[in-house]
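Report on the structure
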Amino acid sequence: MQKILFYSASLVLAALIVPINLTLGEERESIPLLKPQIDTGRPLMQVLKDRSSSRSFSTEKLPVQMLSNLLWAAVGINRPDAGKRTAPSARNWQEIDVYVAMADGLYLYDAKNNVLKPVLSGDIRSMTGKQDFVKDAPVNLIYVADFSKMGDAANDDKVLYSAADTGFISQNVYLFCASEGLATVVRGSIDREALAKTMKLRADQKIILSQTIGYPKK
Ligand SMILES: Cc1cc2nc3c(=O)[nH]c(=O)nc-3n(C[C@H](O)[C@H](O)[C@H](O)COP(=O)(O)O)c2cc1C
């Protein structure tokens, strides 16, 4: 009897704990981002000279201002009148959503409102790639193409254009990181099926690439 009670109590506890670790983020607060500092950064030619991939990250968190600047550089709105972005997109579909996986949860970058919208409350960094460093680096961006924003394009074109559009965003991140002395690497080595399930993506949302960002390991 004691044993049965113990197992029932454990099951109830497990049922309570599991959803708390990885719940949908609607009840959580958005993280307001700061105004991007557009008067900073090193000269472009020097930044291009330094652009590189690195796979060695410190666990130190990025300050909110750095995160804000990074996301704006990636795909922020640089022409508010037209709502256009720092990265081009085919037919201005703006179909690439940038998800941000950090220790305290998964967020969606909302460029229009300059906030991070909560998606999941659990730490899913280890799911964002097959390499060991992804779980310790402070930020992993996940580039997700929303095919529902790509009109009536043929599926092949959706695949082609969303891959190209992701490349522009990723290169913006590379250049920002080179300018700021941050380490970064873009990654295709992802268990996309598992990650899509964890992120609760729809069938027409496709994970293209992921990109790790952090301070270089000392
Ligand atoms: C589409 C794409 C996918 C990549 N996937 C990975 C990856 O899964 N893991 C990784 O460590 N690097 C990955 N890389 C980074 C490349 O290995 C790296 O860019 C290449 O070795 C050249 O080095 P560099 O970026 O320092 O010039 C990827 C790069 C691209 C463009």
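Notes on the structure follow. (Residues numbered from 1 in each chain as written. Predicted model: local features only at pLDDT ≥ 70, side-chain atom pairs only at ≥ 80, totals over all residues. Heavy atoms only, no water.)

Here the focus is the environment of Tyr 109. By the element assignment, Tyr 109 lies in strand β5 (residues 105-110). Once residues within four sequence positions are removed from consideration, Tyr 109 is found in contact with Leu 33, Leu 71, Trp 72, Val 75, Gly 76, Val 98, Asn 114, Val 115 and Leu 116. (Helix = DSSP H or I, 4+ residues; strand = E, 2+ residues; numbered from the N terminus. Contact = heavy atoms within 4.5 Å.)

Moving on to the environment of Lys 149. Tracing the chain through its elements places Lys 149 in the loop between β7 (139-146) and α4 (155-180). In sequence terms Lys 149 and Glu 95 are 54 residues apart; their C-alpha atoms lie 5.6 Å from each other.

Across all of its chains, the model carries one cavity of 30 Å³ or more by this definition. As a volume, the largest cavity reaches approximately 70 Å³. Looking at the largest cavity, the residues that line it are Val 75, Arg 85, Ala 87, Pro 88, Ser 89, Gln 94, Glu 95, Ile 96 and Ile 169. Its residues assigned to classes, the lining of the largest cavity comprises five nonpolar, two polar and two charged. (1 Å grid on protein atoms, 1.4 Å probe; cavity = no way out; pocket = protein on both sides within 12 Å on 5 of 7 lines; lining within 4 Å. Points joined across faces, edges and corners; volume = space filled by probe spheres on them. Nonpolar A, V, L, I, M, F, W, Y, C, P; charged D, E, K, R; others polar.)

Within the largest apolar cluster, 35 residues are counted, with the highest numbers of intra-cluster contacts made by Leu 71, Leu 116, Leu 141 and Ile 213. Those elements that place two or more of their residues in this core are α3 (64-75), β4 (96-102), β5, β7, α4 and β9 (205-214). Sort the elements by how many residues they give to this core and α3 lands first, with seven residues. In contact with Ile 213, not counting residues within four places along its chain, are Phe 57, Leu 62, Leu 70, Ala 137, Pro 138, Val 139, Leu 141, Val 173, Cys 177, Leu 182, Ala 183 and Thr 184. Core analysis: the next-biggest nonpolar cluster, separate from the first, contains 14 residues, Tyr 99, Ala 101, Leu 120 and Ile 190 among them. (Core = buried A, V, L, I, M, F, W, Y, C linked by side-chain atoms within 4.5 Å. Buried < 20%, exposed > 50% of the residue type's maximum accessible area, 1.4 Å probe, protein only.)

Our focus in this paragraph is the pattern of salt bridges. Going through the model one piece at a time under the given rule, you end up with eight salt bridges. With a shortest N-O distance of 3.1 Å, Lys 49 and Asp 50 are connected by a salt bridge. For the salt bridge of Asp 146 with Arg 202, the shortest nitrogen-to-oxygen distance reads 2.9 Å. One end of the pair, Asp 146, is in strand β7; the other, Arg 202, is in the loop between α5 (192-199) and β9, with 56 residues separating them in the sequence. Shared partners join several salt bridges into a network, and the residues in it are Arg 42, Lys 49 and Asp 50. (Salt bridge = Lys/Arg side-chain N within 4 Å of Asp/Glu carboxyl O.)

Attention now goes to the side chain of Asn 172. In this structure, Asn 172 sits in helix α4. Among the residues examined, Asn 172 registers a relative accessible area of 18% and is labelled buried. Look past the residues within four positions of Asn 172 in its chain and what remains in contact with it is Ala 73, Ala 74, Thr 86 and Ala 87.

The next thing to look at is the packing of aromatic side chains. On inspection of all chains with the given rule, the structure shows two aromatic pairs. An angle of 40° between the planes, with centres 5.4 Å apart, marks the rings of Phe 57 and Phe 133 as tilted. Separated by 76 residues along the polypeptide, Phe 57 in the loop between α2 (44-50) and α3 and Phe 133 in the loop between β6 (115-120) and β7 bring together distant segments of the chain. For the pair Trp 93 and Tyr 161, a centre-to-centre distance of 6.5 Å together with 50° between the ring planes defines the contact as tilted. One end of the pair, Trp 93, is in the loop between β3 (84-85) and β4; the other, Tyr 161, is in helix α4, and 68 residues separate them in sequence. (Phe/Tyr/Trp six-rings, centres within 6.5 Å; stacked < 30°, edge-to-face > 60°.)

Interpretation in functional terms is not warranted from these geometric data alone.
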